[in-house]
Amino acid sequence: MSGTFVLSGTSIFDGESIHDGCGLLISEGMIAGFSQLENLPTDCPQVKISSGLLAPGFTDLQVNGGGGVLLNQQPTMSAIETICKAHLQFGTTGLLPTLITDTPEITTRAIEAGIQASSAGVPGFLGLHLEGPHLSPGKKGAHYPTLIRQMSDDDCDQLIAAKAQLPNLMVTVAPESVSNEQISRLAGAGIVVSLGHSEATFEQAKAARRAGASCLTHLYNAMSPLTHRKPGMVGAGLAPLGYHCGLIADGHHVDPDVIAISLAAKRGSGTIFLVSDAMATIGTDMKQFELNGRTIHRKDGHLTLADGTLAGADLELGSAVRFLVNEVGVELEEALRMACVYPQNCLYGTENRAVLAEGAQANIVHLDDGLNICGVWQEGEPLSDDL
Ligand SMILES: [Zn+2]
């Protein structure tokens, strides 16, 4: 339903708190009003939701694939469309398609595809995330070791030129492969610099933060741990340095008790937000796929290389929210903020575009009492049956 309508009938979480007896006036893809029902117009179509909760759509800043495609395998605009559509049914209304370490040629093609997707206005496309290749071989995870390399000044220039044509660009880099001067240049150009796949010390992470890095990629996974004498990157993520931290909440990447401890410990202006790190499997029943010529196997809710190394996640943000609430004991409102508000804080700073308020894009999810996604509106358009 495009045009103008009123969405009401159940509780609404606006990104801050839950409201009852209210409705949303949606017009031309935007929220034109959010108030008590008696203040909303009655002379336009009314969409009544009888139970559950309406909340802002989710934003996922690390999505390698979905709907059977992987950006590395198909660095094209059509693959980006497929990935965005595959995640929409799970409540994700905006995402960053993410390229895992690959060759310079594939990286260039992915950037071109992103620029095309931006010009075409692909629904849900918020920009690109390039995870690697400037990482630490010692924390390679599933990244192909011989493709990992130091950042050259040409690489830095290419990223800055790409950002000029993309709505958002996030890069995951390791301080071992990127200088603080390069981090400053990237951040100065508006690129979100996230540290990951790194054995950096707390001091190195602190120096990178001063240089302009603002995020840590999948907290705990593929990074120097927090120990009693060496706070490492995890310590830098939790300390009040202002780092935002992506987190994969699937029960395989980080223990639920460690998630609870981390949420209690996190201080300062940064947040811990959910990412899926999803691969091609999302929205499909495929059991395996290829990454850089290697087979990744899907079994029991996780994805691994033949040697057992975790290779992305068999996860989308709807499941991650349920995991936080049901297995970690996170309050529902905070779990939702971790899926819809905090990722936006990481991308846009304190300007919060996710809150359901007048003037915001009408990106809305409907969750039932079991927190299953049973409806999605993206820019005011309901999820169509052909997804
Ligand atoms: Zn990774």
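Residues numbered from 1 in each chain as written. Predicted model: local features only at pLDDT ≥ 70, side-chain atom pairs only at ≥ 80, totals over all residues.

K.L.:
Help me out: how do you make sense of the overall build of the protein chain in this one?
P.N.:
The number of helices and strands found in the protein chain is ten helices and 24 strands. Here the protein chain has a C-alpha radius of gyration of 20 Å; the compact-globule value for 387 residues is 21 Å, and the two agree. For the protein chain, with 387 residues in total, the buried portion stands at 53%. Taking as baseline every contact in the protein chain between residues at least 6 positions apart, the subset at least 24 positions apart corresponds to 69%. (Helix = DSSP H or I, 4+ residues; strand = E, 2+ residues; numbered from the N terminus. Rg over C-alpha atoms; globule rule 2.2 N^0.38 Å. Buried ≥ 20, exposed ≤ 12 C-beta atoms within 10 Å, placed from the backbone. Contact = placed C-beta atoms within 7 Å.)

K.L.:
In this structure, what is going on with the sheet that holds strand S4 (residues 22-27)? I would like to understand it.
P.N.:
Each strand in a sheet pairs with its neighbour through backbone hydrogen bonds, running either in the same direction (parallel) or in the opposite one (antiparallel). Strands sit in the order S5-S4-S1-S6 across an open sheet of four strands; the sheet is mixed. Across the chains shown, the open sheet's two edge strands, defined by having one partner strand only, are strand S5 (30-36) and strand S6 (46-48). Averaged over all pairs of adjacent strands, the angle between strand axes in this sheet comes to 20 degrees, irrespective of strand direction. In the sheet, strand S1 (residues 4-8) pairs with S4 via five bridges, with the strands oriented antiparallel. Following the sheet pairing, serine 8 is matched in S4 by glycine 23. (Pairing = 2+ DSSP bridges. Axes fitted to C-alpha atoms, helices over the stretch in contact; angles between N-to-C directions.)

K.L.:
How do you make sense of the pairing of S4 when you look at a structure like this?
P.N.:
For a regular strand, the rule is simple: side chains alternate between the two faces of the sheet. Burial analysis of S4 places five of its six residues in the buried class, the great majority of the element. When S4 meets S5, the two strands line up antiparallel, connected through six bridges. Within S5, the residue paired with glycine 23 across the bridge is serine 35. What sits between the antiparallel neighbours S4 and S5 is a turn of two residues, in which glutamate 28 has the positive phi angle 50 degrees.

K.L.:
I would appreciate a short explanation of helix H3 (residues 153-163) in the present structure.
P.N.:
Since the α-helix packs 3.6 residues into each turn, any two residues three or four apart lie on the same face. Buried within H3 we find Asp155, Cys156, Leu159, Ala162 and Lys163. On an axial view of H3, the arc spanned by its buried residues comes to 125 degrees, and they lie on one face. Away from the buried face of H3 by more than 90 degrees, exposed residues Asp153, Asp154, Asp157 and Ala161 are located. Buried residues in H3 make contact with helix H2 (104-120), strand S13 (169-173) and helix H4 (180-188). (Arc of directions from axis to C-beta.)

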